[in-house]
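Given next are the chains, with one letter for each unit.
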Amino acid sequence: MTNLLISSKIRFKEADRYFYYGVRIVTGSEFEAGTMDNDLYVTLVGSKACTGKINISGFLSSPIATKSYVDLLIQCKSDLGEVLVVSLGNPKNWITMPGSEWFVDFVDIIDQQTKKTVRFPCYHWIADGDSIGFTSKTAILKDVMPNSILVRQRQSVIDQRRLKYKWQAFPKIGLPSAIDVSSLNLPSDEQFGVVKGIDFTKDGIASAVILEFTAVFTYIDSLSQFEQLAKAMGKPEFPTYELSRWMRDEEFGRQMLNGVNPMVIERCATLPPNFPVTSSMVKSSMDSGLSLEDEMKAGHIYICNLKMMDGLPLRDCFYSSAPLCLLYVNKANQLVPIAIQLKQEPGSDNPIFLPTDSWADWTLAKMYYQCAHAQFHQIVTHYLSCHAVMETYGMGIMRNLPDAHPVYRLLRPHFRYTMAINARARETLINDGGIIDLVFAIGGEGRRELMRRSGAAYNIHWTNIKRNVKSRGVDDPNLLPGYYYRDDGLKLWQAMEDFVAKIINEFYSSDEDVKGDSELQNVASDLYTNGFPANGGEQGHGFPKSIDSREQLVELCTLMMFTGSAQHSSINFGQYDMYSYTPNATTGMRLPPPTTKGDANDDTLIRSLPDKHIAALVITMGYLLSKHSKDERFLVQFPTVQFPAERFTESKAQVEIVNFRKSLINLDADIVERNKPLDVPYVYMQPSRVTESITI
């Protein structure tokens with residue numbers, strides 16, 4: 001701000017009759033954040049007076065560029081008093097021209113009388129026809145109630161947003177509610193940036209070309225051809241592990257713990273009545289000499305039960321299963337499968353497959369389990385539990401909290417691009433006739449039914465890793481070692497929770513402050529009633545009608561932060577590793593699940609797997625969903641560490657952000673060191689690889 005007076009075209013005249021205010025408007029570093037529009041205006045609202053709209057064009061010698069700033073010196077006949085609100089406007093034109101939008105990071109105001117500088121965070125796109133007002137201080141409503149100007153400004157922001165962010169409910173398929181617009185009509189702040197948009201389109205076109213090529217060659221007659229396909233479509237930015245690992249039982253167990261769907265496995269204290277495994281069946285697979293009952297008591301037996309897949313409709317000529325899998329922790333601390341049943345109802349046509357069966361029988365059973373596991377992962381663990389719910393949370397925040405609210409400033413970065421990617425998913429991926437319907441054995445009808453079942457059962461605490469691992473009985477590392485999703489996730493949750501608690505306690509002095517925050521309570525009411533309606537399940541799905549304590553608020557904020565960053569990263573970015581080799585995991589089989597033992601051979605395995613075109617489509621989907629765009633933001637970003645400290649202007653909050661950064665860097669280093677001796681390093685919860693939000 002030191003050069004403001006020199007750069008301004010306005011000179012002091014009759015200083016005793018006028019009041020002067022320096023204004024620096026800083027354009028963001030987003031690609032094409034600058035604007036060609038010359039009809040922009042700024043308004044300063046003070047405690048004593050208001051400037052009215054001041055056209056910025058008179059201060060410009062050229063279009064506003066990215067990472068630049070505009071300096072103004074405003075001359076007023078009246079003392080504005082303390083500047084409380086800054087508004088930036090972009091009048092509506094008859095024709096919206098390319099380059100008319102403007103992304104502003106912040107505005108600095110210097111009162112030339114007092115020489116005091118105040119920063120007003122913005123971090124919004126100002127589109128054609130927009131007028132955006134923002135304040136300096138972070139505050140809950142109670143703290144601004146005496147000031148009618150700030151109260152009106154906050155309500156004005158909320159009123160404007162509710163016109164743009166309208167709910168769309170999905171009662172027929174039971175998903176949480178979302179924003180009611182297409183991908184092309186999203187609010188400017190929710191759209192993909194230019195870099196992300198180009199990357200997304202370019203990758204889609206390249207993948208379409210590959211798929212058209214593979215469609216010509218449909219038949220595969222050996223496992224080696226799947227290996228050739230995986231290598232042909234290999235991407236240099238992803239690590240490649242030996243493809244033969246998929247056949248090993250310890251690799252199957254590793255994927256249940258640290259693959260893309262580590263949320264299914266549970267401790268097994270008693271066998272389900274529909275899974276009649278006996279001790280004699282699995283005795284040779286357990287190396288302790290104990291009976292199955294004693295191993296269960298000792299905490300060495302675990303189960304994966306995909307009962308939600310039972311009875312789902314299937315596409316013509318495609319098959320899947322609703323399997324149960326029993327797993328055992330051996331003396332080498334490896335988790336291995338010891339029994340698989342492919343259907344829920346026991347019977348003579350539903351054998352329990354064992355490692356002592358023929359190689360082909362046992363391998364085929366694992367392949368059918370993985371097929372069901374993959375479909376469940378995409379619909380339930382991935383889309384519903386991360387994508388859908390984060391959009392719902394984002395809607396609740398955007399519709400009810402102004403920018404100055406501490407919870408808005410804390411959580412807003414974790415919703416970046418989420419509505420944009422979800423809108424595209426609803427149009428191309430999970431829509432009727434979309435990609436999922438083409439490659440999943442359950443097809444469109446089965447997908448919709450799985451959404452209904454999982455949506456009815458869904459509870460927001462599925463992604464609260466502290467609650468989740470405890471409820472599944474997998475929280476003890478002594479009983480279940482090598483569960484790095486749990487180990488790294490709990491540490492990351494704790495770091496986030498500590499940080500969130502310090503921010504919340506800075507702005508809320510007591511539980512009564514939380515209860516009395518009407519804006520915050522509107523978030524809870526809106527999400528409970530509109531975000532998570534009773535579509536065949538409990539209304540709210542675990543989200544409370546009201547937020548009654550600081551502890552509860554901390555948990556909910558941590559849940560949103562963790563779900564949109566660490567949880568999604570852990571179950572998304574390993575998809576190419578998991579699905580690039582079709583025999584390891586695919587989404588549809590061409591033969592019915594086996595009903596007898598002893599009939600399978602190598603040829604059965606090949607004929608059960610999808611053709612080359614479907615296999616290539618699954619591989620491509622895994623690649624696209626695992627790829628970071630060039631403008632991706634991570635929790636820890638080297639060589640600099642980025643976290644939106646700029647949104648908070650308060651020094652105490654900024655100190656806590658610095659401390660949070662340090663804890664993430666230390667955790668990142670610990671994970672790097674832990675991974676060194678591992679055959680397959682676990683990187684999906686590493687802060688430098690955890691994205692700040694759901695962008696793909």
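Residues numbered from 1 in each chain as written. Predicted model: local features only at pLDDT ≥ 70, side-chain atom pairs only at ≥ 80, totals over all residues. Heavy atoms only, no water.

Draft legend 1. Looking closely at the overall build of the protein. Regarding its fold elements, the protein presents 22 helices and 15 strands. Counting over 696 residues, the protein shows a buried share of 59%. At a minimum sequence separation of 6, the contacts of the protein that also span at least 24 residues come to 76%. Accessible surface, the protein as shown: approximately 27900 Å² in total, 53% of it carbon and sulfur. (Helix = DSSP H or I, 4+ residues; strand = E, 2+ residues; numbered from the N terminus. Buried < 20%, exposed > 50% of the residue type's maximum accessible area, 1.4 Å probe, protein only. Contact = heavy atoms within 4.5 Å. Areas by Shrake-Rupley, 256 points an atom, 1.4 Å probe, with all protein chains shown as cover.)

Draft legend 2. View of the sheet that holds strand S15 (residues 352-353). The antiparallel open sheet is built from five strands, whose spatial order is S11-S12-S13-S14-S15. Two strands lie at the open edges of the sheet, namely strand S11 (266-267) and S15, each paired on one side alone. With two bridges connecting them, S11 and strand S12 (residues 301-305) associate as antiparallel partners. Paired with Arg267 across the bridge in S12 is Tyr302. Across the face of the sheet, helix H6 (residues 249-258) comes into contact with S12, strand S13 (324-329) and strand S14 (335-341) while running at roughly 90° to S14. (Pairing = 2+ DSSP bridges. Axes fitted to C-alpha atoms, helices over the stretch in contact; angles between N-to-C directions.)

Draft legend 3. The arrangement of unusual backbone geometry in detail. Of note, Asn333 is a non-glycine position whose phi angle comes to about 60°, a positive value. Mapped onto the elements, Asn333 comes out in the loop between S13 and S14. Although it is not a glycine, Tyr417 sits at a positive phi angle of roughly 70°. With respect to the secondary-structure elements, Tyr417 resides in the loop between helix H10 (406-411) and helix H11 (418-428).

Draft legend 4. How the structure looks around the pattern of salt bridges. Applying the stated rule across the entire model yields 31 salt bridges. Residue Arg399 is joined to Asp526 by a salt bridge in which the shortest nitrogen-to-oxygen separation is 2.8 Å. With a gap of 127 residues between them, Arg399 in helix H9 (residues 359-400) and Asp526 in helix H17 (residues 518-531) connect regions that are remote in the sequence. No difference in accessibility class separates Arg399 from Asp526, as the two residues are buried. (Salt bridge = Lys/Arg side-chain N within 4 Å of Asp/Glu carboxyl O.)

Draft legend 5. Region of interest: the packing of aromatic side chains. Inspection of the entire model under this criterion finds 15 aromatic pairs. On the numbers, 4.5 Å between centres and 5° between planes, the contact of Phe499 with Phe660 is stacked. Placement of Phe499 in helix H15 (residues 484-507) and of Phe660 in helix H22 (residues 651-675) is noted, with a sequence separation of 161 residues between them. Taken as a pair, Phe499 and Phe660 share a single burial class, namely buried. Through a chain of ring-to-ring contacts, the aromatic side chains of Tyr393, Tyr458, Trp462, Phe532 and Phe543 assemble into a single cluster. The cationic tip of Arg24 hangs over the ring face of Tyr69; the distance from NZ or CZ to the ring centre is 3.9 Å. (Phe/Tyr/Trp six-rings, centres within 6.5 Å; stacked < 30°, edge-to-face > 60°. Lys NZ or Arg CZ within 6 Å of the ring centre and 35° of its normal.)

Draft legend 6. Highlighting the side chain of Asp517. Position of Asp517 relative to the elements: it lies in the loop between helix H16 (511-515) and H17. There is no salt bridge for the buried Asp517, and the closest opposite charge comes from Arg154, which lies 5.9 Å off by N-O distance. Setting aside anything within four residues of it in sequence, one finds Asp517 in contact with Ile140, Leu141, His405 and Tyr508. (Lys, Arg positive; Asp, Glu negative; His and termini not counted.)

Draft legend 7. Seen up close, the pairing of S14. With seven of seven residues buried, S14 is to be regarded as a mostly interior element. Of the pairings in the sheet, the one linking S13 to S14 comprises six bridges and is antiparallel in character. Along S14, the bridge assignment pairs Cys325 with Ile340. Taking the residues between adjacent antiparallel strands as the criterion, S13 and S14 are bridged by five residues, where Asn333 takes a positive phi near 60°. Summarising the sheet, S14 and S15 pair through two bridges and their orientation is antiparallel. Each residue of the ladder has a partner; that of Gln341, found in S15, is Ile352.

Draft legend 8. Representation of the sheet that holds strand S8 (residues 131-135) in the model. Ordered in space as S3-S2-S5-S8, the four strands form an open sheet in which the pairing is antiparallel. The open sheet has two edge strands, strand S3 (54-55) and S8, and neither has a second partner.

Draft legend 9. Local environment of the confidence of the model for the protein. Considering every residue of the protein, the mean pLDDT works out to 90; 90% of them sit at 70 or more. Low pLDDT, under 50, characterises residues 639-643; the stretch is placed with 14 contacts to residues that sit more than four places away or in other chains. (pLDDT = per-residue confidence, 0-100.)

Draft legend 10. Spatial organisation of the pairing of strand S2 (residues 41-46). Burial runs high along S2: six of the six residues are buried. The alternating pattern of S2 places Tyr41, Thr43 and Val45 and Val42, Leu44 and Gly46 on opposite faces, both of which are buried. Pairing geometry for S2 and S3, over two bridges, is antiparallel. Along S3, the bridge assignment pairs Tyr41 with Asn55. Pairing analysis gives six bridges linking S2 to strand S5 (residues 83-89), with the strands arranged antiparallel. Residue pairing in the sheet places Thr43 in a bridge with Ser87 of S5.

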